[in-house]
Amino acid sequence: MSAHQPTAAERFLQGIIPENPIYRQLLGLCPTLAVTNGMRAAMTMAGATAFVLICASVLTSLIRGLLKPHLRILVFTLTIAAFVTIADRFLAAYMYAMSKQLGPYIPLIIVNCIIISRCEVCSSKQGVFTAAADAGGVSLGFALALASIATVREILGAGTWFGLRVMPAVWPDWVVMVLPPGAFLTLGLLLGGANWIRAAREKRRGASRAA
Amino acid sequence: MDWIGSLVLIAVGAMLINNFVLYYFVGICPFIGVSRRVDMAFGMGLAVTFVISIAALLSWAFTYFLLRPNAPLAVAVWEAVSPGSAANVDLSILSYIIYIFVIASSVQFVEMYVRKFFPALYKSFGIFLPLITTNCAILFACLEILKRVAGAKPAEVWGLHQALTLALFGGLGFTLAIVLMAGIREELDFADVPVHLRGAGITFIVAGILALAFMGFTGVDRSLAAVLLR
Amino acid sequence: MSGWRDLRSGWLVLALALFFGAALAGVHRLLAARIAANVLHETLSQIPALVPGADGGAPVDIRGRTVYRAEAAGRTLGWVVPSGGQGFADRIDLLIGLDADGSTLTGLYILGQKETPGLGNKIIEEPWRGQFRGKSTGQPLVVKKGDPSSGNEIRSVTGATISAESVCGIVNQTVAEMQAALAQATREEPDR
Amino acid sequence: MSGIAAPEASPGPRLEVSPGPHIARAGLTTRRMMLDVLIALAPVTAVSIYLFRWHAILQIAIGVLGCSLFELLFARMRGRPSPLGDLSAAVTGLILALSLPWSAPWYVGLVGSLVAVGIGKVVFGGLGQNIFNPAMVGRAFVMVCFPAALGAAAYQMAGDGAAIVTQATPLTAAKQLGQSAPLWPLLVGTVNGSLGETSALGCLLGGIYLCLRRTAAWRIPLGIIAAAALLGGIQNLAAPAAGWTVLHHLAGGALLFGAFFIATDPVTSPLTPRGMWIYGIGIGAMVMFLRAYSGYPEGVVAAVLLLNGATPLIDRFTIPRPVGGPVPARR
């Protein structure tokens with residue numbers, strides 16, 4: 001590996017905020033909108049996605065020397081679909097109620113662009129350790145993004161967080177927040193907020209460099 | 001009339017009430033990515049509708065004959081290999097893998113076919129076809145069909161006509177949503193949208209308002225089917 | 001590229017397919033029973049609440065319909081019938097408890113629904129669905145706004161009449177079908 | 001549609017027809033137009049205050065003050081001058097308040113104002129650039145958000161004020177109980193309903209004023225009323241309901257209020273006469289369709305939002321071609 005290649009630790013940190021899959025890259029939006037009406041569902045989804053992403057990254061990294069260019073995507077898809085099936089069955093066996101609640105969104109991890117893009121961009125070109133660190137970082141970034149959206153939606157929409165009451169009893173639940181329109185509006189506004197924070201930080205950094 | 005009622009229920013549900021994009025959030029990537037121009041959006045919508053219908057046809061056939069518990073073809077194969085062992089054949093664990101290959105190959109096939117026989121059409125929407133493989137709307141339609149074929153009670157197992165209705169009207173609903181969005185986004189090119197909300201942010205907000213408007217259709221499927229069943 | 005080389009370069013895919021096939025077969029072997037038990041448990045665990053006195057049950061097939069016989073000490077106390085239909089927003093799936101001859105409702109449980117939160121989804125709450133307990137199945141149930149006055153009336157859900165009527169409709173239809181099936185089953189096997 | 005075959009059919013230069021910026025329609029006359037709308041809303045406002053007493057005054061105060069406050073706040077956040085002078089926030093707030101039931105809790109109007117101004121207007125760049133009618137965005141949001149406070153049952157809460165406030169609204173009564181109201185109260189407005197929608201004559205009076213002043217384009221309300229009357233007539237022929245005539249279809253519910261005061265918002269409606277007809281007829285047909293088949297008793301909010309969303313497309317396909325037709329392809 002050449003000197004300018006990012007190290008495993010850098011890869012890990014990159015995925016969390018600077019290259020956050022949701023806020024920066026706008027990937028994997030389908031589960032981001034669909035399962036963020038509560039923290040439990042969102043975190044289960046984040047866990048399942050992390051499992052598939054890390055397993056698929058490690059495996060593609062292991063076999064990266066054997067990959068033929070024209071069969072690459074086929075191999076990735078096969079790998080991801082197999083791991084998703086495994087995750088799906090484990091959820092159905094050990095978290096049946098949650099698996100029922102998440103419904104089709106667990107199998108839809110197969111077409112989550114985050115995973116295939118990490119396989120393509122990173123793990124098919126890097127060592128196992130780096131690939132795993134990258135997958136871990138991206139998973140963490142994905143989990144944080146889901147948590148931010150789910151926090152807003154669950155607290156406003158149901159007055160709870162992880163199912164525990166956090167709002168005072170007089171709080172009138174904003175039902176729309178746990179329904180589809182609330183998902184779109186929350187993500188839209190949070191994206192604007194994230195851009196604003198980033199712009200403000202860059203401006204400050206630019207100002208301090210000038211001074 | 002009974003089956004017309006059931007088809008209306010599925011069609012209206014898939015297109016308006018439980019719109020693939022605005023209710024189930026599937027197909028968001030092209031909805032955000034290819035909604036800058038109305039003609040492009042329309043092409044994408046048609047391409048998705050086309051592929052989704054073909055994928056639904058194939059996945060229904062696979063599910064019905066091979067993947068559901070005690071599917072006829074699976075049982076026949078088991079019987080042929082070792083007679084008497086087919087009491088409880090269930091290949092549904094292979095569903096996801098088979099669907100994703102069905103989708104990938106139908107996209108390939110559609111691309112080849114359109115390029116060969118409709119070059120003009122290919123020129124305008126051929127570029128979208130490779131993108132569609134990772135469009136979750138298509139896998140979602142396959143999964144809905146799986147639920148209605150493998151998970152349903154014997155009397156409620158979906159036939160091919162129901163699967164195709166879901167796919168066709170789901171695709172048309174996607175087309176409707178993406179074309180509306182593209183019209184709005186063309187208009188927004190002239191608007192003074194706050195800089196941090198430009199692009200994806202405002203698109204999601206518009207989608208949220210459209211989703212609110214589409215909630216007005218709640219119950220329409222039920223009433224229309226009731227009228228037809230009467 | 002020739003066909004033969006295509007095939008040769010595909011060995012990795014074949015190997016992976018075999019590997020994943022084996023892995024999935026293993027997962028299936030390991031978990032299938034447990035998943036099936038989860039599905040069954042979802043219904044079986046409701047039997048004591050749906051049919052008073054019953055402590056368990058088993059799925060049986062009555063004229064092509066899977067229902068659950070609610071038992072105590074081997075005696076049939078009633079039936080738990082899974083059913084479903086269109087609600088206000090989406091499909092409603094429910095379990096209906098009936099006594100042994102199908103003449104009285106003994107309980108109602110909502111397995112799955114997507115009715116409006118805070119309004120239509122009140123159908124899942126005990127104060128509303130508890131009304132069905134003890135209702136005679138002699139005549140169809142009807143939804144009434146305000147307090148029910150006669151035996152076959154069910155109080156509506158405030159602001160969500162359609163959800164309430166949907167549930168009542170599903171119950172009425174299922175009970176009618178079940179009664180017919182029970183009558184026919186008894187005629188065919190008089191000793192049961 | 002045209003986009004698919006176009007590159008093949010015309011190898012010549014492609015002409016792009018794009019809708020003109022909306023800003024041209026706001027400008028100097030905004031304040032006058034908004035003042036006109038406020039004047040036109042006076043009759044229905046008076047009727048609602050007469051019927052619902054301090055409930056109506058409270059809702060209107062919350063709506064107008066809420067919208068103005070949020071407008072000011074967001075302008076401050078974006079570093080823009082205060083836009084309150086153009087009165088558009090007041091109009092949004094008044095329409096929002098008039099579309100609520102008398103019994104709505106105070107936070108409904110406040111949340112509605114926040115969403116109407118914030119999500120309906122400011123995120124699009126402010127007045128003149130919004131795609132959807134702000135008051136209807138706010139109304140739709142609270143309708144889905146607080147179903148218990150805004151559903152059909154909420155109108156019938158026991159309360160003080162006149163006796164009508166405990167009746168079912170005419171549409172709810174017709175839809176759920178099959179009862180029809182006598183026509184005269186529907187016209188005058190002595191029935192239950194959202195604050196501003198009860199009086200058909202009040203809506204007509206204000207609406208005709210708006211049309212005469214050319215603040216509202218007459219084609220839009222006419223299209224809505226014509227489509228609703230036609231479909232209502234067909235519905236009556238197909239399934240006659242005792243005493244529920246075409247006039248009931250028009251006067252019961254929010255159809256006239258929506259037709260004159262909401263659908264005619266020049267920012268969110270089409271620019272061309274042909275487009276206005278399509279838009280108006282579309283809203284009227286959609287309202288009747290949703291009333292007949294959706295789970296909600298009324299469909300004006302959803303119909304207006306849907307056709308607002310389709311307005312860019314309507315404009316796109318009805319903007320006139322250049323004189324002499326499209327440029328022919330060169331051989």
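Residues numbered from 1 in each chain as written. Chains lettered and ligands numbered in written order. Predicted model: local features only at pLDDT ≥ 70, side-chain atom pairs only at ≥ 80, totals over all residues. Heavy atoms only, no water.

Chain D goes by Ion-translocating oxidoreductase complex subunit D in an unreviewed UniProt entry, where it is assigned to Eiseniibacteriota bacterium. Within the UniProt record for chain D, the comment given under Sequence similarities (unreviewed entry) is "Belongs to the NqrB/RnfD family." Quoted straight from UniProt, the Function (unreviewed entry) entry for chain D says "Part of a membrane-bound complex that couples electron transfer with translocation of ions across the membrane." (UniProt positions renumbered as here; feature names shortened; annotations may be inferred.)

As annotated in an unreviewed UniProt entry, chain C carries the name Ion-translocating oxidoreductase complex subunit G and is attributed to Eiseniibacteriota bacterium. Quoted verbatim from the Subunit (unreviewed entry) field of UniProt, the annotation for chain C is "The complex is composed of six subunits: RnfA, RnfB, RnfC, RnfD, RnfE and RnfG."

Caption draft 1: Seen up close, the overall build of chain C. What chain C contains, in helices and strands, is five helices and seven strands. Helices (α) and strands (β) of chain C occur, in sequence order from the N terminus, as α-α-α-β-β-β-β-β-α-β-β-α. Relative to the 2.2 N^0.38 estimate, which gives 16 Å for 192 residues, the radius of gyration of chain C is 23 Å and therefore markedly larger than a compact globule would have. Referenced to the eigenvectors of the C-alpha coordinate spread, the extents of chain C come out at roughly 80 × 45 × 25 Å. Taking all 192 residues of chain C together, 43% fall into the buried category. Across chain C, the fraction of contacts at a sequence separation of at least 24, relative to all contacts at a separation of at least 6, is 45%. Split by element, the accessible area of chain C, about 9,400 Å² in all, is 56% carbon and sulfur. (Helix = DSSP H or I, 4+ residues; strand = E, 2+ residues; numbered from the N terminus. Rg over C-alpha atoms; globule rule 2.2 N^0.38 Å. Buried < 20%, exposed > 50% of the residue type's maximum accessible area, 1.4 Å probe, protein only. Contact = heavy atoms within 4.5 Å. Areas by Shrake-Rupley, 256 points an atom, 1.4 Å probe, with all protein chains shown as cover.)

Caption draft 2: Up close: the UniProt feature "modified residue: FMN phosphoryl threonine" (unreviewed entry) in chain D. All names here are of chain D. Per the UniProt record, "modified residue: FMN phosphoryl threonine" (unreviewed entry) is annotated on Thr169. With respect to the helices and strands, the residue Thr169 is situated in the loop between α7 (147-150) and α8 (170-177). Each residue touching Thr169, except ones within four places of it in the same chain, is listed here: Tyr155, Asn192 and Gly193.

Caption draft 3: Representation of the packing of aromatic side chains. Under the criterion given, the structure shown has 27 aromatic pairs over all chains. Taking the centre distance of 5.2 Å and the plane angle of 55 degrees together, the rings of Phe184 of chain A and Phe25 of chain B count as tilted. Here the residue Phe184 of chain A occupies a position in helix α8 (residues 180-210), and Phe25 of chain B occupies one in the loop between α1 (2-17) and α2 (28-33), the pair thus bridging two chains. The class of Phe25 of chain B is buried, set by a relative accessible area of 4%. Taking 6.0 Å as the distance between ring centres and 25 degrees as the angle between the ring planes, the aromatic pair formed by Phe109 of chain B and Tyr113 of chain B counts as stacked. Remark: Tyr113 of chain B and Phe109 of chain B occur in helix α5 (residues 95-117); sequence separation between them is four residues, near one turn of the helix. Through successive ring pairs, a cluster of aromatic residues spans Trp171 and Trp174 of chain A together with Trp106, Tyr107, Phe141 and Phe146 of chain D. The ring of Tyr64 of chain B has Arg68 of chain B sitting right over it, with the charged end atom 4.2 Å from the ring centre. (Phe/Tyr/Trp six-rings, centres within 6.5 Å; stacked < 30°, edge-to-face > 60°. Lys NZ or Arg CZ within 6 Å of the ring centre and 35° of its normal.)

Caption draft 4: Layout of a nonpolar patch on the surface. Residue and element names in this part refer to chain B. On the surface, a nonpolar cluster with roughly 470 Å² of combined accessible area is contributed by Phe65, Leu73, Val77, Trp78 and Val81. In terms of residues, the nonpolar patch owes the most to one element, helix α4 (residues 72-81), which gives four residues. Val77 gets classed as partly exposed once you look at its relative accessible area, which sits at 41%. (Patch = residues over 30% accessible without salt bridge, like charges linked within 9 Å, V, L, I, M, F, W, Y side chains within 5 Å. Salt bridge = Lys/Arg side-chain N within 4 Å of Asp/Glu carboxyl O.)

Caption draft 5: View of the interface of chain C and chain A. Every contact between the two is made by 20 residues of chain C and, on the other side, 25 residues of chain A. When chain C packs against chain A, the two sides together hide about 2,000 Å² of surface, and 79% of this comes from carbon and sulfur. The tally of links between chain C and chain A comes to one salt bridge. The shortest N-O distance in the salt bridge between Glu42 of chain C and Lys100 of chain A comes to 2.6 Å. Seen at the junction of chain C and chain A, the total is four residue pairs in polar contact (both at pLDDT 80 or more). Those elements that provide at least two residues to the side of chain C that touches chain A are α1 (3-9) and α2 (11-44) of chain C. Looking at side-chain class alone, the side of chain C that touches chain A contains 14 nonpolar, three polar and three charged residues. (Buried area = accessible area lost by both parts, 1.4 Å probe. Polar contact = N/O pair within 3.5 Å; in protein donor to acceptor, adjacent residues only side chain to side chain. Nonpolar A, V, L, I, M, F, W, Y, C, P; charged D, E, K, R; others polar.)

Caption draft 6: Inspection of the interface of chain B and chain D at higher detail. Contact with chain B, which involves 39 residues of that partner, is made by 40 residues of chain D. Taking both sides of the interface into account, the surface hidden between chain B and chain D amounts to around 3,400 Å²; carbon and sulfur atoms contribute 73%. Contact with chain D buries area across many residues of chain B, yet Glu187, Phe190 and Ile209 of chain B alone supply 18% of it, more than any other trio. Counting across the interface, chain B meets chain D through three salt bridges.

Caption draft 7: The environment of Lys114 of chain C, seen in detail. Structurally, Lys114 of chain C can be placed in the loop between β5 (105-112) and α4 (126-129). The sequence separation of Lys114 of chain C and Leu30 of chain C amounts to 84 residues, and the corresponding C-alpha distance is 33 Å. Sequence-distant contacts of Lys114 of chain C, defined by excluding residues within four places in its chain, comprise Tyr23 and Tyr24 of chain B together with Ala89, Asp90 and Arg91 of chain C.

Caption draft 8: Quick peek at helix α13 (residues 255-262) of chain D. Of all eight residues in α13 of chain D, eight are buried; the element is thus mostly enclosed. All of the buried residues along α13 of chain D are Leu255, Leu256, Phe257, Gly258, Ala259, Phe260, Phe261 and Ile262 of chain D.

Caption draft 9: Representation of the sheet that holds strand β1 (residues 56-62) of chain C. All names here are of chain C. A sheet is described by the order of its strands in space; here five strands give the open sequence β1-β2-β3-β4-β5, paired in antiparallel fashion. Across the chains shown, the open sheet's two edge strands, defined by having one partner strand only, are β1 and β5. Strand-to-strand, the axes of this sheet are offset by a mean angle of 30 degrees, without reference to chain direction. Where strand β2 (residues 65-72) meets strand β3 (residues 75-86), five bridges bridge the pair, whose relative direction is antiparallel. Residue pairing across strands places Ala70 opposite Gly78, the latter belonging to β3. (Pairing = 2+ DSSP bridges. Axes fitted to C-alpha atoms, helices over the stretch in contact; angles between N-to-C directions.)

Caption draft 10: A look at the UniProt feature "domain: FMN-binding" (unreviewed entry) in chain C. Annotation from UniProt places "domain: FMN-binding" (unreviewed entry) at residues 87-178 of chain C. For residues 87-178 of chain C, the helix share is 24%, the strand share is 25%, and the end-to-end C-alpha distance is 21 Å.

Caption draft 11: Spatial organisation of the UniProt feature "modified residue: FMN phosphoryl threonine" (unreviewed entry) in chain C. All names here are of chain C. Within the UniProt annotation, "modified residue: FMN phosphoryl threonine" (unreviewed entry) is assigned to Thr161. Looking at the secondary structure, you find Thr161 in helix α5 (residues 161-188). Judged by relative accessible area, which is 13%, Thr161 ranks as buried.

Caption draft 12: Looking closely at a positive patch on the surface. Taken together, the side chains of Arg201, Arg204, Arg205 and Arg209 of chain A make up a positively charged region of the molecular surface. Considering the arrangement of structural elements, one finds Arg204 of chain A in helix α8. (Lys, Arg positive; Asp, Glu negative; His and termini not counted. Charge placed at Lys NZ, Arg CZ, Asp CG, Glu CD.)

Caption draft 13: Spatial organisation of the pattern of salt bridges. Enumeration according to the criterion identifies 22 salt bridges over all chains in this entry. Here Arg80 of chain D and Asp192 of chain B are joined by a salt bridge, their closest N and O atoms 2.6 Å apart. With one member in each of two chains, Arg80 of chain D in the loop between α3 (54-78) and α4 (88-98) and Asp192 of chain B in the loop between α9 (160-188) and α10 (200-214) form a pair that bridges those chains. When salt bridges with common partners are traced through the structure, they connect Asp192 and Arg198 of chain B together with Arg78 and Arg80 of chain D into a single cluster.

Caption draft 14: Representation of the nonpolar core within the structure. Core analysis: the biggest nonpolar cluster contains 244 residues, and Leu108 of chain A, Ile28, Phe31 and Phe204 of chain B together with Phe132 and Phe141 of chain D have the highest contact counts within it. With residues near it in sequence (within four places) discarded, Phe31 of chain B still touches Val21, Leu22, Ala177, Ile178, Met181 and Ala207 of chain B. In this structure, Leu94, Leu105, Phe132 and Ala164 of chain C belong to the second largest nonpolar core, which totals 30 residues. (Core = buried A, V, L, I, M, F, W, Y, C linked by side-chain atoms within 4.5 Å.)

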